[in-house]
Amino acid sequence: MTVEGIQKVGVLGCGLMGSGIAQVSAAAGYTTTVRDVADEYLKKGIAGIEKSLTRFVEKGTLTAQQRTEAMGRLKSTTKFEDLADCDIVIEAITENLVTKRETFAALDKIIKPAAIFASNTSSLVITEMMTATRRVDRFIGMHFFNPVALMKLVEVVSTITTSQDVMDRAMSFAASLGKVPIRTSDRSGFIVNRLLVPYLLDAIRALEEGVGSVEDIDKGMKLGCGYPMGPFTLLDFVGLETTYYIANIMFEEFREKRFAPPPLLKRLVLAGHHGKKTGRGFYDHSDPTNPKPLF
Ligand code: NAD
């Protein structure tokens, strides 16, 4: 079921997150146009969408016809103008405030005035992007999780000027994508990172203080709390440089010790040990099936 008043969806950026958002939007029945800066990114993103939809067909959760219909609702472009009549535009471009502000300012002039603008940013201040536009009551955050096609959660973020009607419609829109939306406000980290980041940083501090080894702390949180993975496994999966970057932004925002990145995290990032993607973090991932703890 699509949401009243929303028929056409625009997505900015066809990378990891943008392609996922475009996929769930087209699969949910919305005419979806995704814009990236060059055809090569669009081609790669669209190919990824088709592959992911095919996996759902193989699993039996989607029919081959539904896949064909979803692909048929998906358009890709490098031109802003092709998004002009969208009812909602979700931005998932590179995490850079200047680029995002420039993009929103340009879009504001082209896209119909009633349309809602949403940013998928993980760490930037929504209000700071919003002020590049004149639609201060129709600007929100919609924070999806990776991989978008599988992760159920969307944090729907209001600013001090977002209208109640826009928040309600964005919540219904996220639900219509098959997601579970939660409401939050424009504070660095929103709900999930606000609680998750200090927990991950505390695990590193516990390690530094000799409370336990990487392996024992991970086992402790997995078996003692029923978490699907321990903090160090999660840190290596997310990427240490990503956690370091977000922690710094949150520390800057709140000036509270619990958000301050511990020295060991900084050293690992400086050394280029970013976790799974670089083969080394808190674990050695040379054998991906059997990561070996390094501390
Ligand atoms: P990505 O690098 O995979 O994709 C970004 C895409 O945006 C690229 O294809 C790039 O060519 C394109 N792009 C750059 N400038 C553009 C412009 N002006 N117009 C249109 N396209 C443009 O990045 P990503 O991981 O998909 O992250 C995108 C956003 O989502 C960031 O704001 C990030 O903070 C946020 N986010 C990421 C994750 C994650 O796990 N990766 C999770 C939640 C939110």
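Structure shown above.
In this text, all values refer to a predicted model and were calculated from it rather than measured experimentally. (Residues numbered from 1 in each chain as written. Predicted model: local features only at pLDDT ≥ 70, side-chain atom pairs only at ≥ 80, totals over all residues. Heavy atoms only, no water.)

Draft legend 1. Focus on the nonpolar core. Formed by 40 residues in total, the largest nonpolar core has its most connected members in Ile-90, Ile-140, Met-142, Phe-144 and Phe-173. With six residues, the single largest contributor to this core is helix H6 (residues 164-176). Those residues in contact with Phe-173 that lie beyond four places of it in its chain are Val-3, Ile-6, Val-9, Tyr-30, Ile-88, Ile-90 and Met-142. Residues Ile-204, Ala-206, Leu-235 and Tyr-244 belong to the second largest nonpolar core, which totals 25 residues. (Core = buried A, V, L, I, M, F, W, Y, C linked by side-chain atoms within 4.5 Å. Buried < 20%, exposed > 50% of the residue type's maximum accessible area, 1.4 Å probe, protein only. Helix = DSSP H or I, 4+ residues; strand = E, 2+ residues; numbered from the N terminus. Contact = heavy atoms within 4.5 Å.)

Draft legend 2. Fine view of helix H7 (residues 192-208). Here H7 contains 17 residues, and its C-alpha end-to-end distance of 25 Å stays within 8% of the 24 Å for a straight helix at 1.5 Å per residue. Along H7, the positions that sit buried rather than exposed are Asn-193, Val-197, Pro-198, Leu-200, Leu-201, Ala-203, Ile-204, Arg-205, Ala-206 and Leu-207. Taken together, the buried residues of H7 touch helix H8 (214-225), helix H9 (231-238), helix H10 (240-254) and helix H11 (263-270). (Expected span 1.5 Å × (residues − 1).)

Draft legend 3. Expanded view of the sheet that holds strand E5 (residues 116-119). Strand order in the open sheet made by the eight strands is E3-E2-E1-E4-E5-E6-E7-E8, with mixed pairing throughout. Because the sheet does not close on itself, it has two edges, and the strands there are strand E3 (74-77) and strand E8 (180-185). Averaged over all pairs of adjacent strands, the angle between strand axes in this sheet comes to 25°, irrespective of strand direction. Where strand E2 (residues 31-35) meets E3, four bridges bridge the pair, whose relative direction is parallel. Within the sheet, the bridge partner assigned to Thr-32 lies in E3 and is Leu-74. Relative to the sheet, helix H2 (residues 39-59) contacts E2 and E3, its axis offset from that of E3 by approximately 165°. (Pairing = 2+ DSSP bridges. Axes fitted to C-alpha atoms, helices over the stretch in contact; angles between N-to-C directions.)

Draft legend 4. Up close: the site of the ligand. Around the ligand, the structure places 20 residues, and the nearest of them are Met-17, Arg-35, Asp-36, Glu-95 and Lys-100. Lys-100 places a polar side-chain atom, nitrogen or oxygen, 2.6 Å from an oxygen atom of the ligand. Between the ligand and the protein, one listed contact pairs a nitrogen atom with a side-chain N or O atom of Ser-122 at 3.2 Å. Contact with the protein chains hides 77% of the accessible area of the ligand, taken as 840 Å² for the molecule alone. Residue assignment for the shell around the ligand shows that the elements contributing at least two residues are helix H1 (16-27), helix H4 (97-110) and strand E6 (139-144). Within the shell around the ligand, the residues separate by chemical class into seven nonpolar, nine polar and four charged. (Near = heavy atom within 4 Å. Polar contact = N/O pair within 3.5 Å; in protein donor to acceptor, adjacent residues only side chain to side chain. Areas by Shrake-Rupley, 256 points an atom, 1.4 Å probe, with all protein chains shown as cover. Nonpolar A, V, L, I, M, F, W, Y, C, P; charged D, E, K, R; others polar.)

Draft legend 5. Expanded view of the packing of aromatic side chains. What the rule picks out here adds up to eight aromatic pairs. Here the aromatic rings of Phe-232 and Phe-282 are separated by 4.7 Å at their centres, their planes lie at 55°, and the arrangement is tilted. Placement of Phe-232 in helix H9 and of Phe-282 in the loop between H11 and strand E9 (283-284) is noted, with a sequence separation of 50 residues between them. Grouping residues by exposure puts Phe-232 and Phe-282 together as buried. Here the aromatic cluster, defined as three or more aromatic residues joined through ring pairs, consists of Phe-104, Phe-117 and Phe-139. (Phe/Tyr/Trp six-rings, centres within 6.5 Å; stacked < 30°, edge-to-face > 60°.)

Draft legend 6. Here's a closer look at the pattern of salt bridges. This model, assessed by the stated rule, comprises 13 salt bridges. Residues Asp-202 and Arg-205 are paired through a salt bridge, measuring 3.4 Å at the closest nitrogen-oxygen approach. Of this pair, Asp-202 and Arg-205 are both found in helix H7, three residues apart, which corresponds to roughly one turn of the helix. As a salt-bridge pair, Lys-277 and Glu-241 come within 2.7 Å of each other at their nearest N and O atoms. Taken together, the residues Lys-277 in the loop between H11 and E9 and Glu-241 in helix H10 connect sequence positions 36 residues apart. Using a relative accessible area of 54% as the deciding quantity, one classes Lys-277 as exposed. Given the relative accessible area of 23%, Glu-241 is considered partly exposed. (Salt bridge = Lys/Arg side-chain N within 4 Å of Asp/Glu carboxyl O.)

Draft legend 7. Structural detail: the packing of H7 against H9. The geometry of H7 relative to H9 is characterised by a closest axis approach of 10 Å and an angle of 115° between their N-to-C directions. Relative to H9, the crossing made by H7 is left-handed. Where H7 approaches H9, its residues Leu-196, Tyr-199, Leu-200, Ala-203, Ile-204 and Leu-207 are matched on the opposing element by Pro-231, Phe-232, Leu-234 and Leu-235. Its residues placed into classes, the contact of H7 with H9 shows 10 nonpolar, no polar and no charged. (Left-handed = near helix turned anticlockwise from the far one by under 90°.)

Draft legend 8. Fine view of the side chain of Thr-77. Here Thr-77 shows up in strand E3. Side-chain polar atoms of Thr-77 contact the backbone nitrogen of Lys-79, separated by 2.9 Å. Discounting residues that sit within four places of it in the chain, Thr-77 has contacts with Thr-33, Val-34, Arg-35, Asp-36, Leu-42 and Asp-82.

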